[in-house]
Structures are given as structure tokens and as C-alpha cells.
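Geometric and topological summary
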Amino acid sequence: MNDRVTPPMHALPDGEAELSLVVRLPWEDVARLGQEAGRLASQMQRPVTLDEAVSHRLRSARAAAAHARPSGGSGEQPAAAPTAASSPSVTSLPRLTGTA
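Residues numbered from 1 in each chain as written. Predicted model: local features only at pLDDT ≥ 70, side-chain atom pairs only at ≥ 80, totals over all residues. Heavy atoms only, no water.

1. Thoughts on the overall build of the chain
Assigned secondary structure in the chain consists of 2 helices and 2 strands. Helices and strands appear in the chain in the N-to-C order β-β-α-α. Put simply, the chain has 100 residues, and 10% of those count as buried. A sequence separation of at least 24 residues applies to 27% of the contacts in the chain between residues at least 6 apart. (Helix = DSSP H or I, 4+ residues; strand = E, 2+ residues; numbered from the N terminus. Buried < 20%, exposed > 50% of the residue type's maximum accessible area, 1.4 Å probe, protein only. Contact = heavy atoms within 4.5 Å.)

Below, the structure is given as C-alpha cells:
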């Protein structure tokens, strides 16, 4: 039985969307997100939450993938993160290396 419920999505005034979800991560990834949040807090001169760090990492990965992808006009939709091969409906976060 699948008890999953579609998470609520909210449109934001700045043209973005906010999506609430639960993600299970190994402690190593949580620690890396904490390091990313600390780095961003230092850069932005304000406290940064882990969800802000995740959003920043996903945006950075998407931007890097868009620059690395050759322009071919194939009409493919860009992906925000690589899709796990074993389950096409699950998207994995890019590994955090702790470097900027």
C-alpha cells in the first residue's frame, strides 16, 4: 500500500515555488549541508538554514549542468538533479564535497 501524499506546493511572489517534502539522508550528507549552511552564512553575513543550503546547492547543480550540457536543440527538459536509475520517480541530491 502506498501512503504517500502529494506534497503541497505554493507559488511565491518572486516567481519561484515552494515545495515541502521529507528527505531521508545519511548523517554524512547532513553534516555536509551544515558545512554548506555555515559557508553561506559567512558569505551572506546572516544565519542560513539547512533548507536554504539545500536550495542553494540544487540551484548551483542545475546551473552547472546547464553550462556543461552541449546545446543541441533536442528539446529535452533540463533536470534539477540526476535521477536514480533504480527508481525513476526518486531524485537524488548531488553529493556535497565541502568545496566552493
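2. Notes on the environment of Ser 20
Within the secondary structure layout, Ser 20 lies in the loop between strand E2 (17–19) and helix H1 (27–44). When the C-alpha positions of Ser 20 and Met 9 are compared, they lie 6.9 Å apart, and in sequence the two are 11 residues distant.

3. Details of H1
With 18 residues, H1 extends 25 Å between its outermost C-alpha atoms, agreeing within 8% with the 26 Å of an ideal straight helix rising 1.5 Å per residue. Among the residues making up H1, those that are buried are Asp 29, Leu 33, Glu 36, Ala 37 and Leu 40. Buried residues along H1 cover an arc of 105° about the axis, so they all sit on one side. Counted as exposed and oriented over 90 degrees from the buried face of H1: Trp 27 and Gln 35. (Expected span 1.5 Å × (residues − 1). Arc of directions from axis to C-beta.)

4. Describing the side chain of Glu 36
By the secondary structure assignment, Glu 36 is in helix H1. A distance of 3.2 Å separates the side chain of Glu 36 from the side chain of His 56, its partner in a polar contact. With residues near it in sequence (within four places) discarded, Glu 36 still touches Ala 53, His 56 and Arg 57. (Polar contact = N/O pair within 3.5 Å; in protein donor to acceptor, adjacent residues only side chain to side chain.)

5. With respect to unusual backbone geometry
At Gln 45, a residue that is not glycine, the phi angle is positive and equals roughly 60°. Residue position: Gln 45 is located in the loop between H1 and helix H2 (50–68). On the basis of relative accessible area, Gln 45 is assigned to the exposed category, the value being 67%.

6. A closer look at the confidence of the model for the chain
When pLDDT is averaged across the chain, the result is 74; 61% of the residues are at 70 or more. Below a pLDDT of 50 lies the segment residues 75–91, which in the model reaches 14 contacts outside its immediate sequence neighbourhood of four places, other chains included. (pLDDT = per-residue confidence, 0-100.)

7. Considerations on a nonpolar patch on the surface
Where nonpolar side chains cluster on the molecular surface, the patch consists of Met 9, Leu 19, Leu 21 and Val 23 and spans about 410 Å² of accessible area. Relative to the assigned elements, Leu 19 resides in strand E2. (Patch = residues over 30% accessible without salt bridge, like charges linked within 9 Å, V, L, I, M, F, W, Y side chains within 5 Å. Areas by Shrake-Rupley, 256 points an atom, 1.4 Å probe, with all protein chains shown as cover. Salt bridge = Lys/Arg side-chain N within 4 Å of Asp/Glu carboxyl O.)

8. A few points about the pattern of salt bridges
Any two side chains of opposite charge can pair, on the condition that their charged atoms come close. According to the stated counting rule, one finds 5 salt bridges in the structure shown. One salt bridge in this structure joins Glu 16 and Arg 59, with 2.6 Å as the shortest N-O distance. Of this pair, Glu 16 sits in the loop between strand E1 (9–11) and E2 while Arg 59 is found in helix H2, placing the two residues 43 residues apart along the sequence. Judged by relative accessible area, Glu 16 falls into the partly exposed class, the value being 35%.

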